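Chain residues, written in single-letter form:
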Amino acid sequence: VVNGNGHNRPDDNDRKDVAGRVAAGLGGGVEAGASGYLGWAGPAGDPRTRLGGDLQWRWASPKFGTLLLRTEYLRQVDDPVAGTLRRQGAYLLAAWRRGMMEPVARVEWFDPDEGRGGDHLLGFTMGVNLYVAGASRLSFNQTMRSDQARPGHGGLTAVQAQVAF
């Protein structure tokens, strides 16, 4: 249960927002989950809804390493004074970890406004994670995007470090 206005912002209505996620292991390395966010924004208490579902499969072999496939779908519906905004997006991720190396590929799709055409985003990321100690890793990624709303914003190269302790 949260105020729902974001970080470091005062609450501007008397309602509280509710967020949650449930997941279950289905056996055979398969896990399914569902998430949701129900809330209200602004002094008028305009409704906001986010619903999602995810599915993951992990297969581990001492000889071949660990293969991970994950997908998720999210949908958002906001009603800022009946000018309903509907958004949706999804991704599919594949990773194969063997020893210290983990190649990763991801395809993502996002529609920021279902009521308006020509604004879809399609992205493809390829990269590799290098595990240096336990779960600590360095990540090298190249993302290519087709962004209809912002042509010319086509790619991103990222180097990241994640330290786990």
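Residues numbered from 1 in each chain as written. Predicted model: local features only at pLDDT ≥ 70, side-chain atom pairs only at ≥ 80, totals over all residues. Heavy atoms only, no water.

A. Quick look at the side chain of serine 61. Relative to the helices and strands, serine 61 is located in strand β3 (residues 46-61). The class of serine 61 is buried, set by a relative accessible area of 16%. A distance of 3.2 Å separates the side chain of serine 61 from the backbone nitrogen of phenylalanine 64, its partner in a polar contact. (Helix = DSSP H or I, 4+ residues; strand = E, 2+ residues; numbered from the N terminus. Buried < 20%, exposed > 50% of the residue type's maximum accessible area, 1.4 Å probe, protein only. Polar contact = N/O pair within 3.5 Å; in protein donor to acceptor, adjacent residues only side chain to side chain.)

B. Inspection of the nonpolar core at higher detail. Of all hydrophobic cores here, the largest spans five residues; its members are Leu68, Tyr91, Leu93, Ala95 and Val104. The element best represented in this core is strand β5 (residues 85-97), accounting for three residues. Tyrosine 91 has contacts with Arg70, Thr71, Glu72, Arg106, Val107 and Glu108, leaving out every residue within four places of it along the chain. (Core = buried A, V, L, I, M, F, W, Y, C linked by side-chain atoms within 4.5 Å. Contact = heavy atoms within 4.5 Å.)

C. Just the side chain of aspartate 111, in detail. Within the fold, aspartate 111 resides in strand β6 (residues 101-111). A polar atom in the side chain of aspartate 111 sits 3.2 Å from the backbone nitrogen of aspartate 113. A polar contact is formed between the side chain of aspartate 111 and the side chain of histidine 120, at a distance of 3.1 Å. Discounting chain neighbours no more than four positions away, the residues touching aspartate 111 are Arg86, Arg87, Gln88, Asp119 and His120.

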